[in-house]
Amino acid sequence: MFPVFPPGRSLLVAALSLVLTRLSCSSVPDVPHIATYFGTKTRYEEVNPHLLRDPLSVNRTVLKPPPAERCSPVHLTAVIRHGSRYPTVKNIRRIQKLSELVRTEASGGSETWIQDIRNRWDMWYTEDMDGQLVMKGRDDLRQLAGRLSSLFPALLSEENLRRISFRSSSKHRCVSSVEAFQEGLQELGGGSEPQYRHQLDDELMRFFERCRGYVEGVERNRTALQEVEKFKHGEEMDAVRRKMADRLGLPHHRLTPDLVEAAFFLCSYELAIKSLHSPWCFLFDESDAKVLEYKSDLKQYWKRSHGHVISGLSSCPLFHHVFRTLDKAGRPRRSTDAAPEPASILVGHAETLLPLLSLLGLYKDQTPPTASNYRTQHGRTFRTSLIVPYAANLLFVLYDCQRGPRLQLLVNESPVRFPGLEGEDAPLYRDVRATYRHLLDGCDFHRECEGRAGGRGPNTEL
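Scope of this entry: the structure provided in the associated data block. What you see is a predicted model, and the numbers here were worked out from it, not measured in a lab.

**Re the side chain of Glu227**
You can see Glu227 is positioned in helix 9 (residues 226–232). Despite its burial, Glu227 remains without a salt bridge, the nearest opposite charge being carried by Lys230 at 4.1 Å. A polar contact of 2.8 Å, which involves the side chain of Glu227, links it to the backbone nitrogen of Ala371.

Right under this line is the structure:
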């Protein structure tokens with residue numbers, strides 16, 4: 001499936017891929033009008049559109065240490081989602097079922113795009129692809145490494161490479177992503193051959209699998225996602241389903257909500273993998289896309305985020321790891337002490353980032369999304385299309401300043417203020433620790449995940 005290159009050529013191929021990507025982005029390609037509504041299957045470029053013109057361009061205005069103080073960055077912790085990937089087996093099977101249905105039973109429309117779907121589009125996805133990283137996904141991480149290195153040259157430099165910590169989920173797409181990130185750092189240094197070094201750490205990056213309270217209370221609990229099921233079979237989704245069936249010339253009952261979603265995902269996959277404006281995209285207008293995005297957001301909200309207390313608490317191990325790393329980097333040192341670790345790179349999944357963002361109190365709307373309040377949720381901050389696209393990242397930047405260490409938080413390379421500390425872009429680190437004192441002193445993984453049945457139910461704070 002993937003080309004295999006001799007070791008000596010791997011860096012050359014990576015560099016060539018980067019050059020070709022930059023050339024292909026010199027003119028912005030034809031992007032579907034619904035590209036910003038794909039939820040967790042959204043391209044990173046839709047969150048940062050300037051990257052379509054130059055994948056290595058950085059926004060240097062994001063760094064905002066206090067103007068009255070002299071500050072210098074001393075540490076970066078980055079929690080990063082893997083890059084663009086193939087569909088998983090579950091979605092490949094749904095796509096297969098959809099393509100066969102359309103090929104054998106669809107009879108509607110004379111528009112070119114409908115003819116393209118029926119007669120020219122080939123089912124090219126195979127089950128052995130199963131969520132693996134695509135070449136575009138490697139570019140996502142290489143380019144992210146290049147931009148972060150440009151922003152923090154004192155931290156992400158070639159000479160610091162051996163002192164940077166790299167950890168990854170054991171999933172193939174994450175291992176490939178952490179390797180691509182290291183390629184991006186080494187390309188800037190002009191190294192002749194990439195030297196991969198990382199630690200597999202599912203306890204840290206796939207904590208949700210180990211939290212019994214989460215697995216039993218949410219993952220395997222039929223009632224935990226009842227809002228998703230209600231919306232899936234509600235009036236908004238039914239209207240989209242009927243409209244799509246009419247466009248294809250299919251009986252309404254032959255098109256299930258899962259097949260509607262498969263067509264929507266096809267548009268997203270073709271764009272993310274091949275930079276194609278797929279004919280499947282024309283099945284949906286913007287109002288349809290907003291409904292399907294909301295269905296996806298409901299699932300992520302009630303399964304991975306603020307919907308249930310235990311979802312956020314399951315990320316306690318990662319939360320404590322981040323703050324232990326920051327504590328160590330910001331600790332006063334004698335002249336004889338070794339310099340702190342310049343950076344910690346942690347590569348995982350959307351399921352890794354969302355619970356941690358939830359635990360930090362970010363993207364929590366005053367009114368939770370439900371199956372019945374879609375029409376009042378258009379201004380919500382919890383939009384996974386903007387929060388956890390492919391290559392999403394949560395950056396903790398620690399500065400050494402005159403008044404003491406300061407911490408800046410960035411999500412997808414844009415500044416985000418800590419809840420309760422909205423007055424400053426880079427508050428004193430001690431103030432950040434005070435804000436999260438209840439979690440730093442508590443948030444015991446074993447107690448929350450094994451010993452507190454009450455923590456497994458819906459979030460009573462909503």
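What follows picks up the thread again.
**A closer look at the sheet that holds strand 6 (residues 406–411)**
The strand order 3-2-4-1-5-6-7 describes an open sheet built from 7 strands, whose pairing is mixed. Of all the strands in the sheet, just strand 3 (199–200) and strand 7 (414–415) have a single pairing partner and so form its edges. When strand 5 (residues 393–401) meets strand 6, the two strands line up antiparallel, connected through 6 bridges. Bridge pairing in strand 6 links Phe396 to Leu409. Here helix 5 (residues 135–151) sits on the sheet in contact with strand 1 (71–81) and strand 5, set at roughly 170° to strand 1. Against the sheet, helix 14 (residues 316–330) touches strand 1, strand 2 (165–168), strand 4 (343–348), strand 5 and strand 6, its axis set at about 160° to strand 1.

**Quick word on the nonpolar core**
Most often, soluble globular proteins keep nonpolar side chains buried together rather than apart. In terms of nonpolar packing, the biggest core is built from 104 residues, with Leu98, Phe284 and Leu394 touching the most fellow members. Among the elements that make up this core, the one with the highest residue count is helix 11 (residues 257–274) (12 residues). When neighbours within four sequence positions are excluded, Leu394 is seen to be in contact with Thr77, Ala78, Val79, Leu353, Leu356, Leu357, Leu360, Leu409, Leu410 and Val411. Core analysis: the second largest hydrophobic core is formed by 30 residues, Ile80, Phe181, Leu185 and Leu410 among them.

**Some thoughts on the side chain of Gln377**
For Gln377, the position within the fold is in the loop between helix 15 (350–359) and helix 16 (384–387). Dropping the residues within four chain positions of it, Gln377 is found in contact with Tyr294, Thr367, Pro368 and Pro369.

**Some thoughts on the pattern of salt bridges**
Under the defined criterion, the tally for this structure stands at 38 salt bridges. The closest approach of N and O atoms between Arg120 and Asp116, which form a salt bridge, is 2.6 Å. Taken together, the residues Arg120 and Asp116, both in helix 4 (residues 112–120) and 4 residues apart, mark about one turn of the helix. For Arg120, a relative accessible area of 56% translates into the label exposed. The exposure class of Asp116 is partly exposed, given its relative accessible area of 23%. A salt bridge links Arg167 to Asp201; its shortest N-O distance comes to 2.6 Å. Here Asp201 lies in the loop between strand 3 and helix 7 (202–205) and Arg167 lies in strand 2, a separation of 34 residues in the sequence. Under the relative-accessibility criterion, Arg167 is labelled buried at 19%.

Rules and cut-offs
- Residues numbered from 1 in each chain as written.
- Predicted model: local features only at pLDDT ≥ 70, side-chain atom pairs only at ≥ 80, totals over all residues.
- Heavy atoms only, no water.
- Helix = DSSP H or I, 4+ residues; strand = E, 2+ residues; numbered from the N terminus.
- Buried < 20%, exposed > 50% of the residue type's maximum accessible area, 1.4 Å probe, protein only.
- Lys, Arg positive; Asp, Glu negative; His and termini not counted.
- Salt bridge = Lys/Arg side-chain N within 4 Å of Asp/Glu carboxyl O.
- Polar contact = N/O pair within 3.5 Å; in protein donor to acceptor, adjacent residues only side chain to side chain.
- Pairing = 2+ DSSP bridges.
- Contact = heavy atoms within 4.5 Å.
- Axes fitted to C-alpha atoms, helices over the stretch in contact; angles between N-to-C directions.
- Core = buried A, V, L, I, M, F, W, Y, C linked by side-chain atoms within 4.5 Å.

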